[in-house]
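# Observations on the model geometry
Below are the chains, spelled out letter by letter.
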Amino acid sequence: MPNDSRSDGAPDGADVDTDVAVVGAGIIGVACALALARQGLRVTVIDGQEPGRGASYGNAGHLATEQVFPIADASILKRLPAMLMDPLGPLRLDWKHLPRALPWFARLLLNLRPAPFRRTVAGIRALNENSLDAWRRLLRSIGGEDLLVQEGSLLVFERPESRHAIDALRARLEQEEVPVDTWRAGAVRDAAPQLSAHLQGGLFFPRTGHFVDPYRVVLRLAEAAQACGVRFLRRQVRGGRLRDGGACAGGVALATSQGELRARRVLIACGAHSAGLTAQLTGIRVPLDTERGYHLSLPREHGRLPFPVTSLERKFIMTPMAGGLRLAGTVEFAGLKRPADLKRAWQLHRLSQGLFGADLDAGDATAWMGFRPSLPDSLPVIDRVCGGRVLLAFGHQHLGLTHAAVTAEWIGQLAAPPAAGAPRALPDLAAYRLDRF
Ligand SMILES: Cc1cc2nc3c(=O)[nH]c(=O)nc-3n(C[C@H](O)[C@H](O)[C@H](O)COP(=O)(O)OP(=O)(O)OC[C@H]3O[C@@H](n4cnc5c(N)ncnc54)[C@H](O)[C@@H]3O)c2cc1C
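Residues numbered from 1 in each chain as written. Predicted model: local features only at pLDDT ≥ 70, side-chain atom pairs only at ≥ 80, totals over all residues. Heavy atoms only, no water.

Of the regular secondary structure elements, the chain holds eleven helices and 20 strands. Here the C-alpha radius of gyration of the chain, 22 Å, is about what a compact globule of 437 residues would show, namely 22 Å. Referenced to the eigenvectors of the C-alpha coordinate spread, the extents of the chain come out at roughly 70 × 45 × 40 Å. Within the chain, the proportion of its 437 residues that are buried is 57%. (Helix = DSSP H or I, 4+ residues; strand = E, 2+ residues; numbered from the N terminus. Rg over C-alpha atoms; globule rule 2.2 N^0.38 Å. Buried < 20%, exposed > 50% of the residue type's maximum accessible area, 1.4 Å probe, protein only.)

Pasting the structure below:
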């Protein structure tokens, strides 16, 4: 829980440039900036790129509230040799990244023991169960309801022997109270007639949705934030320190590519790049790595699917978007510096072959790679530390879009000044605390 529950913890004073400096203009940073500005705070968002050009640009757009289990599981270690040998497989590990990845994998394995696993699932569920309502509130508040389609999503399987895995998954999901329907082959054909007739059936998730353009969602939120007075600065943040002296004791100083910026508090929301600044300001080293993911967008493919469809065996998702059909997925452990291997994006088109009656048209397709920010317990950090001067919202792994609106509401509550004389009413954020590391 936050360090103090009586005051907002941040210093008063005139020698600051802004109340809150938000580092990172991805979906998390921008949604949080809007929530903070709506409390009357002066907010400045700093990003080395234009808003929404990180992982939030090209994700699969799926509000994946059905995904309550960590994506990575113990089989990751069994698959290590294959991962190292197959550069185009759904899961890939770059040899050069192995020394850094091994401790992360070890922590991931420790988190699969029963007690931490239960904590992870409960933590993901709390975010997922609030996701759709929080998104509806946020979209309504900016007039952006047109961006969200609430038609559910479907997980299909094609090999008869996969039925056992599908039934087992359904049982586990029901235990976690995820709304799910089993669809026979006929139901799949009726709802998505363009899919191949050889599909055996699947699981339909009615309480999920998708965005028709995830990048546009960030832009619309950024416009709304600007209209609320949020300033956007195009600068790289190089480091930061807690300010302990001067006319205004306290606050935070950020070293940026264009000089120093002083703030009463900072929100670290720079996705997969959040570890360095967090360590500098809080002294805590988070084991943040990136699971790099790819997409291939097919602008000539419209009307193939009514909702996102994931293939159980082929392990990727296809989402109908305003700009065509987006094929997305794959996990690549190769760090933040190695260039994208866009062959992996094109591999998604190969994977789609056979899933439809007629193959997808890849003419004018565009390929993309993004950095999922992933912690080995599959939970984000959402917290308020250093006496309220440092807020944290990063590490949303495969679910950052799903979790952005609810994260913004919680960060807003963490930053809000307490009502006079009353204890601060906060959501239970114990699962997302920084000091779990
Ligand atoms: C292929 C793929 C598919 C996905 N599909 C889904 C999906 O269907 N549903 C879902 O919920 N999630 C999905 N995700 C995950 C989701 O996209 C991420 O969890 C989410 O975008 C993370 O948002 P963010 O704002 O934390 O990070 P980002 O969007 O990466 O934003 C971080 C920002 O910080 C900036 N930054 C970094 N360092 C600095 C610095 N030093 N100074 C200034 N600025 C800095 C970057 O420029 C960037 O703009 C997917 C991800 C990928 C890659």
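By nearness alone, 35 residues border the ligand, and Asp47, Ser56, His62, Gln397 and Thr402 come closest of all. Take Ser56: an N or O atom from its side chain is 2.5 Å from an oxygen atom of the ligand. In this structure, Gly400 approaches the ligand through a main-chain N or O atom, which is 3.0 Å from an oxygen atom. When the free accessible area of the ligand is taken as 1000 Å², the share hidden by the protein chains comes to 94%. When contributions to the shell around the ligand are tallied by element, the ones reaching two or more residues are α1 (27-37), β2 (43-47), β14 (289-298), β18 (366-374) and α11 (400-415). Broken down by class, the residue content of the shell around the ligand amounts to 13 nonpolar, 19 polar and three charged. (Near = heavy atom within 4 Å. Polar contact = N/O pair within 3.5 Å; in protein donor to acceptor, adjacent residues only side chain to side chain. Areas by Shrake-Rupley, 256 points an atom, 1.4 Å probe, with all protein chains shown as cover. Nonpolar A, V, L, I, M, F, W, Y, C, P; charged D, E, K, R; others polar.)

This part takes up the sheet that holds strand β3 (residues 62-63). With antiparallel pairing, the three strands of this open sheet are ordered in space as β3-β9-β5. Only two strands of the sheet have a single neighbouring strand rather than two, namely β3 and β5 (148-149). Pairing geometry for β5 and strand β9 (residues 209-211), over two bridges, is antiparallel. Looking at β9, one finds that Val149 is bridged to His210. (Pairing = 2+ DSSP bridges.)

Attention now goes to helix α8 (residues 214-227). Along its 14 residues, α8 runs 20 Å from first to last C-alpha, staying within 8% of the 20 Å computed at 1.5 Å per residue. Of the residues making up α8, those classed as buried are Pro214, Tyr215, Val217, Val218, Arg220, Leu221, Ala222, Ala224 and Ala225. Against α1, α5 (114-142), β9, β10 (231-234), β16 (316-321) and β17 (324-333) lie the buried residues of α8. Of the residues flanking the end of α8, it is Gly229, one or two places downstream, whose phi is positive at about 100 degrees. (Expected span 1.5 Å × (residues − 1). Contact = heavy atoms within 4.5 Å.)

Our next topic: the pairing of strand β20 (residues 390-394). Within β20, five of the five residues are buried, which leaves it mostly tucked inside the rest of the structure. Summarising the sheet, strand β13 (residues 259-268) and β20 pair through three bridges and their orientation is parallel. By the bridge assignment, Leu267 is partnered in β20 with Leu391. Pairing analysis gives five bridges linking strand β19 (residues 381-385) to β20, with the strands arranged antiparallel. The partner of Ile382 across the bridge, within β20, is Ala393. The turn joining β19 and β20, which pair antiparallel and follow one another in sequence, is formed by four residues; a positive phi near 55 degrees is taken by Cys386.

A few words on the packing of aromatic side chains. As enumerated under the stated definition, the model contains eleven aromatic pairs in all. Residues Trp104 and Phe333 carry aromatic rings whose centres are separated by 5.4 Å and whose planes lie at 55 degrees to one another, so their mutual orientation is tilted. With Trp104 in helix α4 (residues 98-110) and Phe333 in strand β17, this pair connects stretches of sequence that are 229 residues apart. Each of the two residues, Trp104 as well as Phe333, counts as buried. Relative to Phe204, the ring of Trp183 has its centre 4.4 Å away and its plane inclined at 10 degrees; by these criteria the two rings are stacked. In this pair, Trp183 is assigned in strand β7 (residues 181-184) and Phe204 in strand β8 (residues 201-205), connecting sequence segments 21 residues apart. (Phe/Tyr/Trp six-rings, centres within 6.5 Å; stacked < 30°, edge-to-face > 60°.)

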